[in-house]
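# Commentary on secondary and tertiary structure
As a plain string of letters, each chain reads:
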Amino acid sequence: MSEPHVQSEVGPLHTVLLHRPGNELKRLTPRNNDQLLFDAIPWVDRAQEEHDAFAETLRGRGVEVLLLHELLAETLTDTRARAAAVHSGVDELKVGTDIADTLRSHLSSADAPALAEVLIAGMTFEELPASEGQSLVRRMHHPHDFAIEPLPNLLFTRDSSAWVGDRVAIAALAMPARRRESALTDLVYAYHPRFSHCARAYGAHSAPVEGGDVLLLSPGVVAIGVGERTTPAGAESFARSVFADDLAHTVLAVPITQQRASMHLDTVCTMVDRDAVVMYPAIQDSLTAFSLRPRDGGIDVSGPQPFLTAAAEAMEIDHLRVIDTGLDPVTAEREQWEDGNNTLAVAPGVVVAYERNAETNARLEEAGIEVLRISGSELGSGRGGPRCMSCPIIREVL
């Protein structure tokens, strides 16, 4: 298989998009880490080692690993992509007309790797190119304030795009610190030769939807979490889009708690086999779903009903096997916070998971799931596990 195509969460994984953490993580300080959505200041060298091990684990299972930074640098050799990148990277409302003009000129003259680095790692006012004349903007900003914001959450490639069938959905990210991520991902899919024939399923200018909320339960069945990051309008717009493109026959809109611990649906539930999920037990009985189906050019909405019931009916199976996070309520809460539910399936019944979630991993193995353990002591500081850090591009059809 060479063309992008994803129909499920568990089909054998052939190609995946990752982002190796870089200098953008070195921009995090106690002063800005909350704003940039990190719970701690990661040790960057160790985070890179952990990410390299994650990538090697995937390669060891025959998965082609594409790295976003490399794809972006290759994309920026295209003059159209370069112009769009410079335009999206410079916020004239923030830096003012004079600095914006100087910055655009500077970025336009940079080579592709250097431009990619600035777009990802950002630029402080201290690092701005010299310009003549007086600037109130320069004088009133602290030298370490950002003229171009860094993108430390680019590590979580799942969120800015998601493949449904042979089409890519460019996410509309809800949090201000992440909105520019979609622009960079969009550039890669629009201008990189690897994706020259790819069609779109959903646009980044639509209502907020993030890839971490989108689960392809089976061919034709999509679950979308609605909570802190994805809005009801986003879920409905996404459903209309996939119905119009004949990519799904059912979309389940799943309300989730609007809080940091459960920012996306995949923080409380992920597929680990054709008919099995790992799920946070505290929400198992309360999680519900509205079922959306196409009807006469519009949509039909039914429910809500229990999520597990709605999912099994849409998937046309008797029931979904549920593997609980943790062992007891306290352990379950700890391991859910540490991304115990956030597994990446590389094949049916084979998942990548953080090694620290020992009880959840043991439960998975007791249920017949092979667990490929990776370290995530530093990678997890942005609240994301193996699924968050990966955007599958090609999966074998089940």
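Since the model is a prediction, treat every value here as computed from it, not as a measurement.

A word on the overall build of the protein chain. Looking only at helices and strands, one finds 12 helices and 19 strands in the protein chain. Relative to its length of 398 residues, the protein chain is compact, with a C-alpha radius of gyration of 21 Å against a globular reference of 21 Å. Each principal axis of the C-alpha distribution contributes one length, and for the protein chain these read about 70 × 50 × 35 Å. Considering the protein chain as a whole, with its 398 residues, one finds that 57% of them fall into the buried category. Sequence-distant contacts, at least 24 apart, represent 72% of the contacts inside the protein chain between residues at least 6 apart.

With numbering matched to this structure, UniProt assigns "active site" (unreviewed entry) to Cys388. Relative to the assigned elements, Cys388 resides in the loop between strand S18 (370-374) and strand S19 (391-395). Under the relative-accessibility criterion, Cys388 is labelled buried at 3%. Once residues within four sequence positions are removed from consideration, Cys388 is found in contact with Leu155, Phe156, Thr157, Arg158, Asp266 and Asn342.

Let us look at the packing of aromatic side chains. Taken as a whole and judged by the stated rule, the model has 3 aromatic pairs. An angle of 85 degrees between the planes, with centres 5.5 Å apart, marks the rings of Trp163 and Tyr189 as edge-to-face. Here the residue Trp163 occupies a position in strand S5 (residues 161-164), and Tyr189 occupies one in helix H7 (residues 179-191), the gap between them amounting to 26 residues. The exposure class assigned to Trp163 is buried, which follows from its relative accessible area of 3%. A ring pair is formed by Tyr189 and Phe195, whose centres lie 4.9 Å apart and whose planes are at 80 degrees; its orientation type is edge-to-face. Of the two residues, Tyr189 and Phe195, both sit in the buried class. An aromatic cluster is built from Trp163, Tyr189 and Phe195, whose rings are joined through pairwise contacts.

Another point: the environment of Thr270. Along the chain, Thr270 falls in strand S11 (residues 269-273). For Thr270, a relative accessible area of 1% translates into the label buried. Here the alpha-carbon distance between Thr270 and Asn341, two residues 71 residues apart in the chain, equals 6.1 Å. Non-local contacts of Thr270, meaning those with residues more than four positions away in its chain, are made with Leu215, Ala276, Val277, Val278, Asn341, Asn342, Thr343 and Arg387.

Attention now goes to empty space enclosed by the protein. Tallied over the full model, the rule gives 5 cavities of 30 Å³ or more. Its boundaries defined by the atoms lining it, the largest cavity holds a volume of some 110 Å³. As for the largest cavity, its lining consists of 14 residues, of which Glu9, Arg158, Ala162, Trp163 and Pro392 are closest to the centre. Elements that contribute at least two residues to the lining of the largest cavity include exactly S5, strand S8 (214-218) and S19.

Turning next to the layout of surface pockets. Taken as a whole, the largest pocket encloses approximately 440 Å³ of empty space. Together, 19 residues line the largest pocket, and Ser88, Gly89, Asp91, Glu149 and Arg180 are the ones closest to its centre. Every element with two or more residues in the lining of the largest pocket is listed here: helix H3 (79-89), helix H4 (92-109), strand S4 (146-148) and H7. Taken together, the residues of the lining of the largest pocket sort by class into 9 nonpolar, 4 polar and 6 charged.

Another aspect to go through is the pattern of salt bridges. Inspection of the entire model under this criterion finds 19 salt bridges. We note a salt bridge from Asp52 to Arg20, for which the minimum N-O separation is 2.8 Å. Linking Asp52 in helix H1 (residues 44-59) with Arg20 in the loop between strand S1 (13-18) and H1, this pair joins segments that are 32 residues apart in sequence. In this structure Arg20 comes out as partly exposed when scored by relative accessible area, which is 34%. Put simply, Glu49 and Arg46 hold a salt bridge, and the shortest N to O gap is 3.2 Å. With Glu49 and Arg46 both in helix H1 and 3 residues apart, the pair spans about one turn of that helix. Through salt bridges that share partners, Glu9, Asp266 and Arg387 make up one connected network.

What follows deals with the packing of H3 against helix H5 (residues 112-121). Contact geometry for H3 and H5: axes closest at 11 Å, N-to-C directions at 25 degrees. Here H3 lies roughly parallel to H5, going by the angle between them. Crossing of H3 over H5 shows left-handed handedness. In contact with Arg82, Ala85, Val86 and Gly89 of H3, H5 contributes Ala112, Leu115 and Leu119. Split by residue class, the contact of H3 with H5 holds 5 nonpolar, 1 polar and 1 charged.

This part is about H3. Residues of H3 that are buried include every one of Ala81, Arg82, Ala85, Val86 and Gly89, and no others. Along the long axis of H3, the arc covered by the buried residues comes to 130 degrees, so they all point the same way. Projecting away from the buried face of H3 at angles above 90 degrees are the exposed residues Thr79, Arg80 and His87. In this structure, the buried residues of H3 make contact with helix H2 (68-75), H4, H5, S4 and H7. Between the side-chain oxygen at the start of H3 and the backbone nitrogen of Arg80 there is a gap of 2.8 Å, and the oxygen is on Asp78.

Analysis parameters
Residues numbered from 1 in each chain as written. Predicted model: local features only at pLDDT ≥ 70, side-chain atom pairs only at ≥ 80, totals over all residues. Heavy atoms only, no water. Helix = DSSP H or I, 4+ residues; strand = E, 2+ residues; numbered from the N terminus. Rg over C-alpha atoms; globule rule 2.2 N^0.38 Å. Buried < 20%, exposed > 50% of the residue type's maximum accessible area, 1.4 Å probe, protein only. Contact = heavy atoms within 4.5 Å. UniProt positions renumbered as here; feature names shortened; annotations may be inferred. Phe/Tyr/Trp six-rings, centres within 6.5 Å; stacked < 30°, edge-to-face > 60°. 1 Å grid on protein atoms, 1.4 Å probe; cavity = no way out; pocket = protein on both sides within 12 Å on 5 of 7 lines; lining within 4 Å. Points joined across faces, edges and corners; volume = space filled by probe spheres on them. Nonpolar A, V, L, I, M, F, W, Y, C, P; charged D, E, K, R; others polar. Salt bridge = Lys/Arg side-chain N within 4 Å of Asp/Glu carboxyl O. Axes fitted to C-alpha atoms, helices over the stretch in contact; angles between N-to-C directions. Parallel < 35°, antiparallel > 145°, perpendicular 65-115°, else oblique. Left-handed = near helix turned anticlockwise from the far one by under 90°. Arc of directions from axis to C-beta. Polar contact = N/O pair within 3.5 Å; in protein donor to acceptor, adjacent residues only side chain to side chain.

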